[in-house]
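Residues per chain are reported as follows:
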Amino acid sequence: MPEHLPVRMITNGAVDRTVYRWIADEQSRSTVKNTIAVLVRVMEQAVRDGLIKVNPARVSGWQRQYQLVEDELNDPRALALPDWETLQALAKALVARSHGEYTGWGDVVTFTASTAARIGEVSGVRVKDIDTDSWIWTVRRQTIPAPGGLVDKGTKGKRARKVPLIEEVRPMVAQRLLAVGNDPDARIFFGPRGGRISTAVLRDATHWDDVVTELGFEHLRRHDLRHTGLT
């Protein structure tokens, strides 16, 4: 929800949409739970002060959304893009809608869908993580939201894992490695100003919701790119 939204304009629907958006943006259960708890207290005070009659922040059922995400991983083809050409069409359309037509957004989408990774993990890729002899990516870190902005931390499972890079994605990865130079700690994927990226940043910068709807994939979330990689 926009932070400037007046208390009287915060409705059950606005809270529901915001919570589901947090889940789609891959916020953790604890983050969502703690944020809702704070909002509930604020709105409860608004009720006591007579500003509103009912606390709209008392939402239920949001935990089920996490279970749905986990269930989808058991049937990845249901949300997967059909082929490489469709993935490239999506990437190009997102680039075309971004400010300055920044090609990096297309590379992020292509890499995410090719590796079944989280966008936060893609943001964390460094030069030293890619072995171009075996074309293996060692996933060591992810970028997550934190107070004050985005930060890097360990992977979700706290353990590194190795992901093979398919032949189709290798030329793009090689080009990005060449562009960033020999610094082993240099990021491979970043925003147009060199900053960290997140699923929310990608959504806003590329007008994701509009683009996927226009392409006939209105169900497609950034998280769903993983399903394409899994197939």
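Rules used in this analysis
- Residues numbered from 1 in each chain as written.
- Predicted model: local features only at pLDDT ≥ 70, side-chain atom pairs only at ≥ 80, totals over all residues.
- Heavy atoms only, no water.
- Pairing = 2+ DSSP bridges.
- Helix = DSSP H or I, 4+ residues; strand = E, 2+ residues; numbered from the N terminus.
- Expected span 1.5 Å × (residues − 1).
- Buried < 20%, exposed > 50% of the residue type's maximum accessible area, 1.4 Å probe, protein only.
- Phe/Tyr/Trp six-rings, centres within 6.5 Å; stacked < 30°, edge-to-face > 60°.
- Lys NZ or Arg CZ within 6 Å of the ring centre and 35° of its normal.
- Core = buried A, V, L, I, M, F, W, Y, C linked by side-chain atoms within 4.5 Å.
- Contact = heavy atoms within 4.5 Å.
- Axes fitted to C-alpha atoms, helices over the stretch in contact; angles between N-to-C directions.
- Parallel < 35°, antiparallel > 145°, perpendicular 65-115°, else oblique.
- Left-handed = near helix turned anticlockwise from the far one by under 90°.
- Nonpolar A, V, L, I, M, F, W, Y, C, P; charged D, E, K, R; others polar.

Any chance you could break down the sheet that holds strand 2 (residues 136-139) for me, citing the residues and the numbers?
Taken together, the 3 strands give an open sheet; going across it, the order is 1-2-5, and neighbouring strands pair in antiparallel fashion. Either end of the sheet is taken by a strand with one partner, and the two such strands are strand 1 (130-131) and strand 5 (161-164). The pairing of strand 1 with strand 2 spans 2 bridges and is classified as antiparallel. By the bridge assignment, Ile130 is partnered in strand 2 with Trp137.

Tell me about helix 5 (residues 103-115), and name the residues and values.
For an α-helix, 3.6 residues make a turn, and residues three or four places apart therefore share a direction. For helix 5, spanning 13 residues, the distance from its first C-alpha to its last is 19 Å, which sits close to the expected 18 Å at 1.5 Å a residue. The buried fraction of helix 5 amounts to 12 of the 13 residues, a majority that puts the element mostly inside the structure. Within the sequence span of helix 5, burial applies to Gly104, Trp105, Gly106, Asp107, Val108, Val109, Thr110, Phe111, Thr112, Ala113, Ser114 and Thr115. Positive backbone phi, approximately 55°, marks Ala116, located one or two places after helix 5.

Can you explain the packing of aromatic side chains? Please cite residues and give values.
The relative placement of two aromatic rings is captured by the distance of their centres and the angle of their planes. Scanning the entire structure with this criterion turns up 3 aromatic pairs. Residues Tyr102 and Trp105 carry aromatic rings whose centres are separated by 5.6 Å and whose planes lie at 85° to one another, so their mutual orientation is edge-to-face. Members of the aromatic cluster, joined through ring pairs, are Phe111, Trp137 and Phe189. Over the face of the ring belonging to Phe190 we find Arg176, whose NZ or CZ atom lies 5.3 Å from the ring centre.

Please give an account of the nonpolar core that cites residues and values.
Judged by nonpolar contacts, the single largest core of 36 residues is most densely connected at Leu90, Phe111, Trp137, Val173, Phe189 and Trp208. Secondary-structure elements contributing two or more residues to this core are helix 4 (84-97), helix 5, helix 6 (119-123), strand 2, helix 7 (170-180) and helix 9 (208-214). When residues in this core are grouped by element, the largest group, 5 residues, is from helix 5. When neighbours within four sequence positions are excluded, Phe111 is seen to be in contact with Val122, Val125, Trp137, Leu165, Val169, Met172, Val173 and Phe189.

Would you mind going over the packing of helix 5 against helix 7 in detail, with residue names and values included?
Across the interface, helix 5 lies against helix 7 with an axial gap of 11 Å and an inter-helix angle of 130°. In terms of orientation, helix 5 and helix 7 fall into the oblique class. Every pair of crossing elements has a handedness; the one defined by helix 5 and helix 7 is left-handed. Packed against helix 5, whose contacting residues are Gly104, Asp107, Thr110 and Phe111, the element helix 7 presents Met172, Val173 and Arg176 at the interface. Split by residue class, the contact of helix 5 with helix 7 holds 3 nonpolar, 2 polar and 2 charged.

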